[in-house]
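Here's the letter readout for the chains.
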Amino acid sequence: MVLTTATGKQLLWLKFYPTDWNGDYNLRACSLAARGLLAAFLEPMHMAVPYGHLLIDSQKPTNGRLASIASCKEREVNYGIEALVKNGVLSVPEGGILYSCRMVHDAERHEKCTQYGRL
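Every value quoted in this text rests on a predicted model; they were computed, and no experiment measured them.

Parameters at a glance
- Residues numbered from 1 in each chain as written.
- Predicted model: local features only at pLDDT ≥ 70, side-chain atom pairs only at ≥ 80, totals over all residues.
- Heavy atoms only, no water.
- Axes fitted to C-alpha atoms, helices over the stretch in contact; angles between N-to-C directions.
- Helix = DSSP H or I, 4+ residues; strand = E, 2+ residues; numbered from the N terminus.
- Parallel < 35°, antiparallel > 145°, perpendicular 65-115°, else oblique.
- Contact = heavy atoms within 4.5 Å.
- Nonpolar A, V, L, I, M, F, W, Y, C, P; charged D, E, K, R; others polar.
- 1 Å grid on protein atoms, 1.4 Å probe; cavity = no way out; pocket = protein on both sides within 12 Å on 5 of 7 lines; lining within 4 Å.
- Points joined across faces, edges and corners; volume = space filled by probe spheres on them.
- pLDDT = per-residue confidence, 0-100.
- Salt bridge = Lys/Arg side-chain N within 4 Å of Asp/Glu carboxyl O.
- Buried < 20%, exposed > 50% of the residue type's maximum accessible area, 1.4 Å probe, protein only.
- Core = buried A, V, L, I, M, F, W, Y, C linked by side-chain atoms within 4.5 Å.

A. A look at the packing of helix H3 (residues 32-47) against helix H5 (residues 74-86). Closest axis-to-axis distance for the H3/H5 pair is 9 Å, and the angle between their directions is 95°. With respect to their mutual orientation, H3 and H5 come out roughly perpendicular. Between H3, through Ala34, Leu37, Leu38 and Phe41, and H5, the contact on the second element is made entirely by Glu76, Val77, Gly80, Ile81, Ala83 and Leu84. Here the residues of the contact of H3 with H5 are counted per class, giving 8 nonpolar, 1 polar and 1 charged.

B. Molecular detail of the layout of surface pockets. Quantified by volume, the largest pocket comes out at close to 660 Å³. As for the largest pocket, its lining consists of 28 residues, of which Leu14, Lys15, Arg102, Met103 and Asp106 are closest to the centre. Of all the secondary structure elements, the ones that give two or more residues to the lining of the largest pocket are helix H1 (18-23), helix H2 (25-28), H3 and helix H6 (101-118). If you tally residues by element for the lining of the largest pocket, the top one is H6, at 8 residues. Grouping the constituent residues of the lining of the largest pocket by class yields 16 nonpolar, 6 polar and 6 charged.

C. Region of interest: the confidence of the model for the chain. The predicted model of the chain has a mean per-residue pLDDT of 87, with 88% of residues at 70 or higher. For the chain, per-element mean pLDDT is lowest for H1, which scores 82, and highest for H5, which scores 97.

D. Fine view of the pattern of salt bridges. Taken as a whole and judged by the stated rule, the model has 2 salt bridges. In this structure, Asp106 and Arg102 form a salt bridge, with 3.1 Å as the shortest nitrogen-oxygen distance. Residue Asp106 and its partner Arg102 are both found in helix H6; the two are separated by 4 residues, about one turn of the helix. Accessibility expressed as a relative area gives 21% for Asp106, which makes it partly exposed. Of the residues examined, Arg102 reaches a relative accessible area of 41% and is grouped as partly exposed. Taking the shortest distance from any N to any O, the salt bridge between Asp106 and Arg109 comes out at 2.5 Å.

E. Structural detail: the nonpolar core. Counting residues in hydrophobic clusters, the biggest one holds 21 residues, and the most contacted among them are Leu38, Phe41, Met45, Ile81 and Leu84. Listing elements by their share of this core, those giving two or more residues are H3, helix H4 (63-70), H5 and H6. Broken down by element, the residue count for this core peaks at 6 residues, all from H3. Dropping the residues within four chain positions of it, Phe41 is found in contact with Leu54, Leu66 and Ile81.

F. Quick peek at the side chain of Ser91. As for its placement among the helices and strands, Ser91 is situated in strand E1 (residues 90-91). Among the residues examined, Ser91 registers a relative accessible area of 18% and is labelled buried. Apart from residues no more than four positions distant in its own chain, Ser91 is found in contact with Ile97, Leu98, Tyr99 and Cys101.

G. Region of interest: unusual backbone geometry. Residue Pro50 is bonded to the preceding Val49 through a cis peptide linkage, with omega at 5°. In this structure, Pro50 sits in the loop between H3 and H4. Phi is positive for Ser58, which is not a glycine, with a value near 65°. With respect to the helices and strands, Ser58 occurs in the loop between H3 and H4.

This is the structure we're talking about:
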């Protein structure tokens, strides 16, 4: 789901509250490298359909491609993803496409508020 305004325009911004980032103890349990990796993934997850899923050009990226995007080595991506999933920051369903529970939840809340606002 791409977040859109009532006029159908895609939101080009992402709500980011530093206190939420610093106050997320699951995220803080991850290494600085893993948190930096998540920061590199925020933009593709924000632009993805469905919203909050780690897709590049609507496809599941390889860890090599993610390493290229994050300007790091593939082994760093492997380690970072493992830490982010282990600490519950990212989830992996059976299809294997990583997603941010927080971003998906925020998108669902945005959609509900938009629907209530139309009433």
